[in-house]
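Chains, contacts and geometry: an overview
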Amino acid sequence: MGMHIDLTVVWAFIIAFAVFAYVAMDGFDLGIGILFPSFKVGAERDQAMTAIAPVWDGNETWLVMGGGGLLAAFPLAYAVVLTATYPLMIAMLLGLVFRGVAFEFRWRDARHRALWDTAFCIGSIIAALSQGIALGALLQGVKVANGAYAGGWLDWLSPFSLLTGAAVVVGYALLGATWIVWKTEGFAQAHARRLALWLGAGTLLALAAVSAATPFLAFDYWRRWFAMPGVLLTAQVPLLTAITGGVLFWSLRRGADRAPFLMALTLFLMAFIGLGISLFPYIVPRAITIWDAAAPPQSQAFMLVGAVIIIPLILAYTGWAYWVFRGKVDEHGHH
Amino acid sequence: MDAVTLARIQFGFTVSFHFIFPAFSIGLASYLFVLEALWLRTGKGVYANLYRYWLKIFAVAFGMGVVSGLVMSYQFGTNWSVFSTRAGPIIGPLMAYEVLTAFFLEAGFLGVMLFGMRKVGKGLHFFATSMVALGTLISATWIISVNSWMQTPVGYALNAKGQFVPAGSWARIIFNPSFPFRLVHTVIGAYLTTALVVGGVGAWHLLKDRANPGARTMFSMAMWMAALVAPIQILAGDAHGLNTLEHQPAKVLAMEGDYQPSPHGAPLVLFGLPSNAEGRMRFAVEIPKLGSLILKHDPNAPLPGLLDFPKDRWPPAPIVFWSFRIMVGLGLAMLGLGVWSLIARMRGRLYDWRWLHRAAVAMGPAGFIAVLAGWVTTEVGRQPYTIYGLMLTAQSHSPLAAPAVAASLIAFVLVYFLAFGAGGYYLLHMMAKPPEPGETEPPRTPQRAGGLVPAHGVDPVPQPAE
């Protein structure tokens, strides 16, 4: 048997899958939080909430999976990244606390519903913004010395990281709007459709800006994207992104229900693949590769047994839960 | 204060706040499982109504547990990055298994449990409840295994990078010496905590209306639980203590306040003021020989004292000594309540003995205090180590400046008191309402499509008012 499977690469893909699953799923419910103030008090807000209430908890679990998986498979990267983005991670967690409790609290306290709706919105924006800024901070590089973070606690702050922060907020909002297009009808749907057109344009613009700025952060990025013959492959990513954007607008104008959300997700997938091209095999760009950060094979192998068996099961029952709550949320806020 | 002290305060604060919710939801999920099973078996409406009553409370408590737990999974990296780097290869996979086998299970079925009553059949709905309850227990198993490994580390080797890596079998790591004792003690603690809350709520409503069928049923069930489980918990705690004496003697000596070695049998110090600075108990009230009788089951058995250990390896005895006494005192009070309820039951006065009901109301929050006191005992008792005997707390924290940790600590305190304070208020508000026939489902439960016809004896469910 000459087959040699590199566990570390396998785990890099599993973590990447968990992160993408998180972005795809929590993205739309965070997005609905971001857009919440634009929904009319009453039926429209109740509908938006009902469209995510049964699934948000499962969506957020992928974030725990990303964090827990990183600690287990790449402990050094977990330690360095979380220290380097310390204030962002704390802000994200506190934002998620606020929006998480608002799901239940807003029904429990009609007098203060406006307050919890505000907490839901601000918490969602803070969480999305922190994630986006953290992504930018990672891309621009963090200072590592002797296997530990060696920078200051505000190193993450830069125009580029603020740009990626804004990009993620706009992108999540697009996912949220298109999810509402899928899950509602009537006034709420029409409103979300109008929002999605603007947000789609905003997302494409943000993607273009981040993509244009990234190669200037470091020569390594430039080489990865523009050197021959790799450019023949890498050029497919912006091309497919442009096509996806076209289909998004076409489906929104045509009044399709599901296609806009699926296209918005595809945009995220393209961005994600782009990030993969920029980063792999680094887990902290130009400082720590996945092999530098890897836990020993005994740890990775032990977890892999579980992951291979359990992740398909998780996907199956998560799919079932989504299927149970399929269909439109009606104007009284019921499925 | 230095960064490590601030990081410790932050971890202690966030984990204490977090554990309040699982301590309640582990027991409550199992209670909901029992209620739904009883409803499906007997068709009695009172069980369906109690299920719905507690389900709404569960939804609020569980949501707070989820978000405060999310914080914990990142606390290791943000504030304890050196510990994470070194211990990650061992504790990481265990926590990853917790996510894979427990968190997803709970989250995946929670939506159906809360909102799916009219979307799926009765059997499937019961299955969803079962999976959520099972998830809480699996979750407890993994995280207690992690904690226990930090208390009694085995099955590891150190690699060239100074990391703790698995050596040999994972089973040895998972089933480390203190794990079975701590797991049993923790899960029973959660069950007792829930029983006391349910009993307290039932008693509160019996004091107002002793004919309320929901209040009668929940009070009776809770008192059975207290009467049966409190004695088991005391035995489990004793066994856990003996295990700790074997593996972490300094912790037990701090709990007992034994500074001086006792070659001819240790006394039991009932009360006193331990002083690590002076290395002795002040104002000790003690019973001779009883300490050895409890810990060694022999009044003359010799016991070491903290003075046998280097002073810089002592846990802070004043905290451990008192937290341990709070836990034990409350445990004995729980036993008393359980016994009292048995007497009331024998005399046929379970539902109209008002002093029993008042006592049950007063004991309602006792489980939370006991559980937190127990965790303070075991965690502070592990000091000065994060990994007992191997890695010092002072060498585990992130390379962060104190102001960064202080600022995040203040933010956590503000946000937690605001968010969870409000949540606690809502929970109390819900518990203050009596369980009624025709108890509503959680708000926004989909009502339109469905295949679930209310069983015989269950009042039709009115539309939620909101």
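Residue positions are given per chain, counting from 1 as you read along its sequence in written order. As they are written, the chains are lettered A onward and the ligands numbered 1 onward, keeping that order. In keeping with the model being predicted, local features are shown solely for residues with a pLDDT of at least 70 and side-chain atom pairs are shown and tallied solely at 80 or more, while totals for entire chains, interfaces and linings include all residues.

Attention now goes to the overall build of chain B. The way it works is that DSSP assigns letters per residue, a run of H or I at least four long becomes a helix, a run of E at least two long becomes a strand, and they are numbered from the N terminus. When you go through chain B residue by residue, the secondary structure sums to 13 helices and six strands. When its C-alpha atoms are laid out on the principal axes, chain B stretches across 70 × 55 × 40 Å. Counting over 466 residues, chain B shows a buried share of 55%. Between the buried cut of 20 or more and the exposed cut of 12 or fewer other C-beta atoms within 10 Å of a residue's own C-beta lies the partly exposed class, and all C-beta atoms are placed from the backbone.

Scanning chain A from terminus to terminus reveals 14 helices and four strands. Over its C-alpha trace chain A gives a radius of gyration of 20 Å, about what one expects of a compact globule, namely 20 Å for 335 residues. Principal-axis analysis of the C-alpha atoms places the extent of chain A at approximately 60 × 45 × 40 Å. Expressed as a percentage of its 335 residues, the buried residues of chain A come to 54%. Looking at chain A alone, contacts between residues at least 24 apart form 78% of all its contacts between residues at least 6 apart. C-alpha atoms define the radius of gyration, and 2.2 Å times the number of residues to the power 0.38 defines the globule rule. Here contacts are defined at the residue level, using C-beta atoms placed from the backbone and a cut-off of 7 Å between them.

Residues and elements named next belong to chain B. Alignment of strand β3 (residues 268–275) against strand β4 (residues 280–287), held across six bridges, turns out to be antiparallel. When the sheet's bridge partners are listed, Pro274 is paired in β4 with Met281. Whether two strands pair depends on DSSP finding at least two bridges between them. Where β3 folds back onto β4 in an antiparallel hairpin, the turn is made up of four residues, including Gly279, whose phi is positive at roughly 70°.

What follows concerns the confidence of the model for chain B. Residue and element names in this part refer to chain B. Per-residue confidence from the predictor is reported as pLDDT, which spans 0 to 100. Chain-level statistics for chain B give a pLDDT mean of 89 and a share of 95% at 70 or above. Within the model, the stretch residues 446–466 combines pLDDT values under 50 with 43 contacts to residues more than four positions away or in other chains. The ipTM value of the predicted complex is 0.86, and its pTM value is 0.89.

Before going further, it helps to examine the interface of chain A and chain B. Tallying the contact residues gives 63 residues for chain A and 59 residues for chain B. Breaking the side of chain A that touches chain B down by element, the ones donating at least two residues are α2 (43–50), α3 (56–73), α4 (75–84), α5 (86–108), β2 (148–149) and α14 (297–324) of chain A. With 16 residues, the top contributor of residues to the side of chain A that touches chain B is α5 of chain A. Here the side of chain A that touches chain B is composed, by residue class, of 42 nonpolar, 15 polar and six charged. Here the term charged refers only to Asp, Glu, Lys and Arg, the term nonpolar to Ala, Val, Leu, Ile, Met, Phe, Trp, Tyr, Cys and Pro, and the term polar to all other amino acids, Gly among them.

It is worth spelling out the domain arrangement of chain A at this point. All names here are of chain A. Each domain's extent is set by a domain assignment, obtained either automatically or from a database. Once the domains are mapped, chain A shows domain 1 (12–294) and domain 2 (296–327). Domain 1 and domain 2 are separated by 22 Å when their C-alpha centres are compared. Facing seven residues of domain 1, the contacting portion of domain 2 comprises eight residues. Element by element, the count of residues in the side of domain 1 that touches domain 2 is highest for α3, at three residues.

On to the environment of Ser30 of chain B. Residue and element names in this part refer to chain B. Secondary-structure assignment places Ser30 in helix α1 (residues 3–42). We classify Ser30 as buried; it has 21 C-beta atoms within 10 Å. Each C-alpha atom of the pair Ser30 and Val132 lies 8.7 Å from the other, and the pair is 102 residues apart in sequence. In this view, Ser30 contacts Ala133 and Tyr191; residues no more than four positions away in its chain are not counted.

Okay, helix α11 (residues 354–363) of chain B next. All names here are of chain B. Those residues of α11 not exposed but buried are Leu356, His357, Ala360 and Met363. The arc that holds the buried residues of α11, viewed along the axis, is 125°, so those residues lie on one side. In α11, the exposed positions angled more than 90 degrees off the buried face are occupied by Arg354 and Trp355. On its buried side, α11 packs onto α6 (179–208), α10 (317–346) and α12 (366–380). Starting at the helix axis, one direction is taken to each C-beta atom, and the arc is that of these directions.

Residue and element names in this part refer to chain A. Relative to the helices and strands, Ala18 resides in helix α1 (residues 7–35). As for Ala18 and Ile311, which are separated by 293 residues in sequence, their C-alpha atoms are 9.8 Å apart. Dropping the residues within four chain positions of it, Ala18 is found in contact with Trp62, Met65, Gly66 and Gly69.

This part is about the packing of helix α4 (residues 122–151) of chain B against α6 of chain B. Residue and element names in this part refer to chain B. Angles run from 0 to 180 degrees between N-to-C directions of axes, and those axes are lines fitted to C-alpha atoms, restricted for helices to the stretch in contact. At a closest axis distance of 9 Å, the pairing of α4 and α6 adopts a crossing angle of 135°. The orientation of α4 relative to α6 falls into the category oblique. Here the hand of the crossing between α4 and α6 comes out right-handed. Of the residues in α6, those in contact with Leu137, Ala140, Thr141, Ile144, Ser145, Asn147 and Ser148 of α4 are Phe179, Arg182, Leu183, Thr186 and Val187. Taken together, the residues of the contact of α4 with α6 sort by class into six nonpolar, five polar and one charged. If an angle is under 35 degrees, it is roughly parallel; if it is over 145, roughly antiparallel; if it lies from 65 to 115, roughly perpendicular; otherwise it is oblique. Left-handed describes a crossing whose near helix is turned anticlockwise from the far helix through less than a right angle; right-handed describes the clockwise counterpart.

Take Thr318 of chain A: it is sitting in helix α14. Excluding its chain neighbours within four sequence positions, the residues that come into contact with Thr318 of chain A are Gly58 of chain A together with Gly108 of chain B.

We now examine α2 of chain A. Where burial is concerned, most of α2 of chain A is hidden: seven out of the eight residues are buried. Elements that come into contact with the buried residues of α2 of chain A comprise α1, α6 (113–140), α7 (159–183) and α8 (186–213) of chain A.

A set of buried Ala, Val, Leu, Ile, Met, Phe, Trp, Tyr and Cys residues, joined through C-beta atoms within 7 Å, is what we mean by a nonpolar core. Ranked by size, the top nonpolar core spans 262 residues in total, and within it Phe74 and Ala77 of chain A together with Ala226 of chain B carry the most contacts. Among the domains, domain 1 (12–294) and domain 2 (296–327) of chain A are the pair contributing at least three residues each to this core. For Ala77 of chain A, the contacting residues outside a window of four places in its chain are Leu70, Ile283, Val284, Ile288 and Ala293 of chain A.

The step from Phe280 of chain A to Pro281 of chain A runs through a cis peptide bond, and the omega angle for that step is 0°. Relative to the helices and strands, Pro281 of chain A is located in the loop between α12 (259–279) and β3 (282–284). The step from Gln383 of chain B to Pro384 of chain B runs through a cis peptide bond, and the omega angle for that step is 5°. As for its position among the elements, Pro384 of chain B is in the loop between α12 and β5 (385–387). A positive phi is found at Lys289 of chain B, a non-glycine position, where the angle reads about 70°. Here Lys289 of chain B is to be found in the loop between β4 and α9 (290–296). Under the C-beta neighbour-count criterion, Lys289 of chain B is labelled partly exposed, with 18 such atoms within 10 Å. At His297 of chain B, a residue that is not glycine, the phi angle is positive and equals roughly 55°. Topologically, His297 of chain B is positioned in the loop between α9 and α10. In this structure His297 of chain B comes out as exposed when scored by C-beta crowding, with 10 C-beta atoms within 10 Å.

This part takes up the packing of α10 of chain B against α11 of chain B. Residue and element names in this part refer to chain B. It is at 11 Å that the axes of α10 and α11 come closest, and there the two elements cross at 155°. By the angle class used here, α10 and α11 are roughly antiparallel. Between α10 and α11 lies a crossing whose hand is left-handed. Counting all contacts with α10, which are made through Ala333, Met334, Leu337, Trp340, Ser341 and Ala344, the residues of α11 involved are Leu356, Ala359, Ala360 and Met363.

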